[in-house]
Amino acid sequence: MADLNPDSFTQTSTTSWLGRIGSSLVGVLIGIILLPCGIALLSWNEGRAVTAAAGLKRGLGSIVEISTASVNPQNNTKLVYLSGTVTGATPATDPWSGLSEAGLVRLQRRVEMYQWLERESETKSNNVGGSQTTQKTYTYVLDWSESLHNSAQFKIPAGHQNPTMPLKSQAFEANASKIGAFTLDKSLVQDLNNFEPIQTLTRAPAGYAAQGNMFYKGANPDQPALGDMRVTYSAIASQTYSIAAQQNGDTLTTYHDTKNDYKIALIEPGVVSAQQLFADQASTEKLITWACRIGGFVMLVIGFSLIMGPLAMLVAFLPFLEGLVGFGTFFVALGLAIPITLITIAVAWIASRPVIGGGILLVAVAATWLIRSLAVKKKSAAATP
């Protein structure tokens, strides 16, 4: 069913009760796969966290502060700390436009095209009898986008064809970035992300016009048309950085911890102490650890919910019963996922830090007991007339 707006299309479909039961059985298989994947992610993540904590502690304890003025062979292969001005010996340059600046360390080109975008929204409603109605709406709008949207894959490609995108976004690095007598390995340079936008552009390439902070291809940037292009730039100029990395001759590269191969290559703008560099990296590692913990926990919740999905389908002929059972199975899934997550984390920590692992294990046991007690109380209350 299409509406009166030629740039909007609505499609309605209905899935039968038997079809939904079949889909829920497929969900059971997916849930069975998700459970070991979630546990594996949690286990791997805790091992990674232990490795990071130990590697950073050893690294900070062994780091050597050096001068940027000269290369001391005695520090070769050691983890070193230094701060000074990083500059592009051969500055970063965009060969398409020729844009460059003396000492430029990194240059980032952002290319956008004014094009058709397909936006999809979906609503679902459960019906008496167990069927489900799905309504999908596809809306087409003209807007700027950094990536080409393949209009051939649109639900309604007619009238929404996008032209090809002749230029792509790209980052450029200086051929050699120096800090005093040392050269930065490319991996260190690519970690730099404190870009500043270039506010004024001149000497536009053929077919483009310089319009303040951008090169523009089209009739009027205030009234863009399909296929118009705009190119903007941001850059990292020569400036002071603080670095913790391995000295390899006159090159600064990634340091590998001798005991667990944890990789250390830290760089931040400004004069930052070695202690602060390591503290900032420890904070980053904690964020990664918690993100993976949440991800593993969510996988377990989804996995258990999918496994119990057919229970809701069995009563789906009455929508309110389906919602009630679905709500209940979700809380059962939570009750199973919480202790399994805590136990997995505890087991991973016991080997390296028994006190922390033992503490988490006690919390897991307490959580399991509490959840079981609540379930027994609810069951007893339901059985009491």
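**Q** Sorry, what's going on with the overall build of the chain here?
**A** Scanning the chain from terminus to terminus reveals 6 helices and 17 strands. Buried positions account for 36% of the 385 residues belonging to the chain. Considering only residue pairs separated by 6 or more positions, the chain has 69% of its internal contacts joining residues 24 or more positions apart. As displayed, the chain has an accessible area near 20700 Å², and 61% of this comes from carbon and sulfur atoms.

**Q** Please explain the nonpolar core as it appears in this structure.
**A** What tends to happen in soluble globular proteins is that the nonpolar side chains get buried as a cluster. One finds Leu82, Ile179, Leu184, Ile243 and Leu252 to be the most contacted residues of the largest nonpolar core, which totals 18 residues. For this core, the secondary structure elements donating two or more residues are strand S3 (79-88), strand S8 (182-184), helix H2 (186-190) and strand S13 (239-248). Beyond its immediate chain neighbours, meaning those up to four positions away, isoleucine 243 contacts Val80, Tyr81, Leu82, Val86, Ile179, Leu184, Leu188, Leu252, Leu266, Ile267 and Leu277. Judged by nonpolar contacts, the second largest core, of 17 residues, contains Leu99, Met113, Leu201 and Val231.

**Q** Can you walk me through the packing of aromatic side chains in this structure?
**A** Applying the stated criterion to the full structure yields 10 aromatic pairs. Between tryptophan 144 and tyrosine 216 the ring centres are 6.1 Å apart and the planes differ by 70°, which places this aromatic pair in the edge-to-face class. You can see tryptophan 144 sitting in strand S5 (residues 132-145) and its partner tyrosine 216 sitting in strand S11 (residues 214-217), a full 72 residues away along the chain. Judged by its relative accessible area of 16%, tryptophan 144 falls in the buried class. Centre to centre, the rings of phenylalanine 330 and phenylalanine 331 are 5.8 Å apart; their planes meet at 80°, and the pair counts as edge-to-face. Phenylalanine 330 gets classed as partly exposed once you look at its relative accessible area, which sits at 37%.

**Q** Is there a simple way to think about helix H3 (residues 274-307) in this case?
**A** Along an α-helix, residues three or four apart share an orientation, since each turn contains 3.6 residues. With 34 residues, H3 ought to run about 50 Å at 1.5 Å a step, and its terminal C-alpha atoms sit 50 Å apart, in line with that. Taken as a whole, H3 has its buried residues at Ala274, Leu277, Phe278, Glu285, Thr289, Cys292, Arg293, Gly296, Leu300, Val301, Gly303 and Phe304.

**Q** When you look at the environment of arginine 110 in this model, what are you seeing that I'm missing?
**A** For arginine 110, the location among the structural elements is in strand S4 (residues 106-126). The exposure class assigned to arginine 110 is partly exposed, which follows from its relative accessible area of 39%. Along the chain, arginine 110 and glutamine 170 lie 60 residues apart, while their C-alpha atoms are 6.8 Å from each other. Beyond its immediate stretch of four places on either side in the chain, arginine 110 contacts Glu146, Ser169, Arg230, Val231 and Thr232. Of note is the side chain of arginine 110, whose polar atom sits 3.5 Å from the side chain of glutamate 112. One polar contact links arginine 110 to glutamate 146, side chain to side chain, over a distance of 3.2 Å.

**Q** I keep staring at the packing of helix H1 (residues 17-62) against H3 and nothing clicks. Help me out?
**A** Each pair of packed helices gets described by two things: the angle between the helix axes and the distance between those axes. Across the interface, H1 lies against H3 with an axial gap of 7 Å and an inter-helix angle of 165°. When the axis of H1 is compared with that of H3, the two are roughly antiparallel. Regarding H1 and H3, the two cross each other, and that crossing is left-handed. Residue composition of the contact of H1 with H3, by class: 26 nonpolar, 12 polar and 4 charged.

**Q** Looking at this structure, how should I read the pairing of S3?
**A** The two faces of the sheet receive side chains in turn, since in a regular strand these alternate between them. Of all 10 residues in S3, 7 are buried, a share of seventy percent or more. As defined by bridge partners, strand S2 (residues 64-65) adjoins S3 across 2 bridges and the pair is classed as parallel. From the neighbouring strand, glutamate 65 faces S3, where its bridge partner is tyrosine 81. As paired elements, S3 and S13 share 8 bridges and run antiparallel to each other. If you follow leucine 82 over to S13, its bridge partner there is isoleucine 243.

What counts and how
Residues numbered from 1 in each chain as written. Predicted model: local features only at pLDDT ≥ 70, side-chain atom pairs only at ≥ 80, totals over all residues. Heavy atoms only, no water. Helix = DSSP H or I, 4+ residues; strand = E, 2+ residues; numbered from the N terminus. Buried < 20%, exposed > 50% of the residue type's maximum accessible area, 1.4 Å probe, protein only. Contact = heavy atoms within 4.5 Å. Areas by Shrake-Rupley, 256 points an atom, 1.4 Å probe, with all protein chains shown as cover. Core = buried A, V, L, I, M, F, W, Y, C linked by side-chain atoms within 4.5 Å. Phe/Tyr/Trp six-rings, centres within 6.5 Å; stacked < 30°, edge-to-face > 60°. Expected span 1.5 Å × (residues − 1). Polar contact = N/O pair within 3.5 Å; in protein donor to acceptor, adjacent residues only side chain to side chain. Axes fitted to C-alpha atoms, helices over the stretch in contact; angles between N-to-C directions. Parallel < 35°, antiparallel > 145°, perpendicular 65-115°, else oblique. Left-handed = near helix turned anticlockwise from the far one by under 90°. Nonpolar A, V, L, I, M, F, W, Y, C, P; charged D, E, K, R; others polar. Pairing = 2+ DSSP bridges.

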